[in-house]
Amino acid sequence: FFFFSNFKMASAVVNFLALRTAEAQNTSAELAEHWQEIEKLYSRRLWHQLTVSLLSFVHHDSFAKGGLAELYENLIKDIEDRIKPLSLVTLLQRVVEEIEDENMAIDFLTPFKEKVKTEPLAIIRLNTTIAELYLSAQNLEKAEELIKECEDSLNTQAGVTPTHADYYKVAAALQQIKGNYAGYYAEALRFLGCVDINSLPLEEQAARAYDLGLAALLGEEIYNIGELLEHEIIQVLKDTEKQWIIQLLSALNSGDVAKFNELKPVWSKNSSDLAENEALLTEKIKLLSVMEVVFKTGTSDSRVSFSTLAAAAGIAENDVEILVMKALSLGLVRGTINEIDKVVEFTWVQPRILSIKQLTSMRDLLGEWLKKVDETSELIASQAPKQAGL
């Protein structure tokens, strides 16, 4: 009975492929060639080659209006036990896009957990796909549960794979829905680190760049914005109506309070989120101005006066101590406050990814330091004979 059942199924597949090939010949020679290749590979039982062909074919333009669910029912379902788990999940990801109801899509995918559980990356990718569907269905609890499960498994995997990209994409979406700007910023950057930016549609690139920009600005724990400014994704917003966010990020990264205030009419008008969080942004720009002063001071003189810090942050001298204490408590800088002399002796500033302008400044500081080292060496060399009594 089992053999007869399999024979009937195989016969049905052959008939399905023959029908699709014949239909394609009347519309597109190129499409007909694809169906003929799949029909040939199936008849010859070349399962690996057939899988490779299917992984490409499911992205064909002919499926733009549907047909993948039918392809699954009439072909993939028959050979799914012969397809490697990770490849099977990749095919299922495309098929499930045609199921509009999220809960029905989840019900369709869930049984495959047992089938692909032997391959870690396959089960992670499957769970990530289901978690994304839970997010669409607004079931954050279930989505978060699966994402945590995926994270634990992914941490045991070596290297970076397309499955990592799937995970970071969904993890970022969860953090965005929860309103966790810092969490979204971290996961979204990791996602971009796993994909070729040019493989994303231009609209998606622009949307991700803008969302990342907002997250960098509004994330309370984010003071290292240089990584985003140097990332190619942000360049998508250049020469667009949202270019102002690049300018605002640059002002924040360099602690430029004057430029920040100059841009205020633009960012407060174009983003209600930024307008509502003006106090947070104002505090961040002042803290970053302190970091920038310390960075520019270098090692030549670690003592910075209250007046210098006040001028940089655009505040009164009386408010400098509170601002520096905030920077110290956040771990942005280290040092001691001398209230009597009204100076702060800085010993360290949090490392950041630097812009070209900041790197130029560092080069100049290093040049000055090397010059002083040479002068000190020459002085020691000239004094050595005297010290030796020569």
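Whatever comes next refers back to the structure up there.
Residues numbered from 1 in each chain as written. Predicted model: local features only at pLDDT ≥ 70, side-chain atom pairs only at ≥ 80, totals over all residues. Heavy atoms only, no water.

**Some remarks on the overall build of the chain**
Logical step 1: Helix and strand counts for the chain stand at 20 helices and three strands.
Logical step 2: Taking all 390 residues of the chain together, the buried fraction comes to 40%.
Logical step 3: For the chain, the share of sequence-separated contacts (at least 6 apart) that also reach a separation of at least 24 residues comes to 60%.
Logical step 4: For the chain, the exposed surface amounts to about 21,500 Å²; the carbon and sulfur share of it is 52%. (Helix = DSSP H or I, 4+ residues; strand = E, 2+ residues; numbered from the N terminus. Buried < 20%, exposed > 50% of the residue type's maximum accessible area, 1.4 Å probe, protein only. Contact = heavy atoms within 4.5 Å. Areas by Shrake-Rupley, 256 points an atom, 1.4 Å probe, with all protein chains shown as cover.)

**A short note on the sheet that holds strand β1 (residues 303-305)**
Strand pairs in the sheet, formed through backbone hydrogen bonds, run parallel or antiparallel to each other.
Logical step 1: Spatially, β1-β3-β2 is the arrangement adopted by the three strands of the open sheet, whose pairing is antiparallel. Among the strands making up the open sheet, the edge pair consists of β1 and β2 (333-338). Direction aside, neighbouring strands of the sheet carry axes that sit 30° apart on average.
Logical step 2: Of the strand pairs in this sheet, β2 and strand β3 (residues 343-349) are connected by six bridges, and their pairing is antiparallel. Within β3, the position partnered with R334 by the bridge is W348.
Logical step 3: Sheet contacts for helix α17 (residues 278-297): β1, β2 and β3; angle to β3, the most-contacted strand, approximately 80°.
Logical step 4: This element, helix α19 (residues 320-329), spans β2 and β3 of the sheet and lies at about 150° to β2. (Pairing = 2+ DSSP bridges. Axes fitted to C-alpha atoms, helices over the stretch in contact; angles between N-to-C directions.)

**Considering the environment of E80**
Logical step 1: Checked against the element boundaries, E80 lands in the loop between α4 (68-79) and α5 (85-96).
Logical step 2: Once the C-alpha coordinates of E80 and L91 are considered, the two residues, eleven residues apart in sequence, prove to be 9.9 Å apart.
Logical step 3: If we skip the residues at most four places from it in the chain, E80 touches Y72, L88, F112 and K115.
Logical step 4: A polar contact of 3.0 Å, which involves the side chain of E80, links it to the side chain of Y72. (Polar contact = N/O pair within 3.5 Å; in protein donor to acceptor, adjacent residues only side chain to side chain.)

**Focus: the side chain of T129**
Logical step 1: The residue T129 is located in helix α8 (residues 120-136) in this model.
Logical step 2: When sequence neighbours within four positions are dropped, the list of residues in contact with T129 reads Q93, V96 and L109.

**With respect to the packing of helix α11 (residues 181-192) against helix α12 (residues 202-218)**
Logical step 1: At their nearest, the axes of α11 and α12 sit 8 Å apart, and the two run at 140° to each other. It follows that α11 is oblique to α12 by the angle criterion. Read as a crossing pair, α11 and α12 show a hand that is left-handed. On α12, the residues that touch Y181, Y184, Y185, A188, L189, F191 and L192 of α11 are R208, D211, L212, A215, A216 and L218.
Logical step 2: Counted by class, the contact of α11 with α12 contains eleven nonpolar, no polar and two charged residues. (Parallel < 35°, antiparallel > 145°, perpendicular 65-115°, else oblique. Left-handed = near helix turned anticlockwise from the far one by under 90°. Nonpolar A, V, L, I, M, F, W, Y, C, P; charged D, E, K, R; others polar.)

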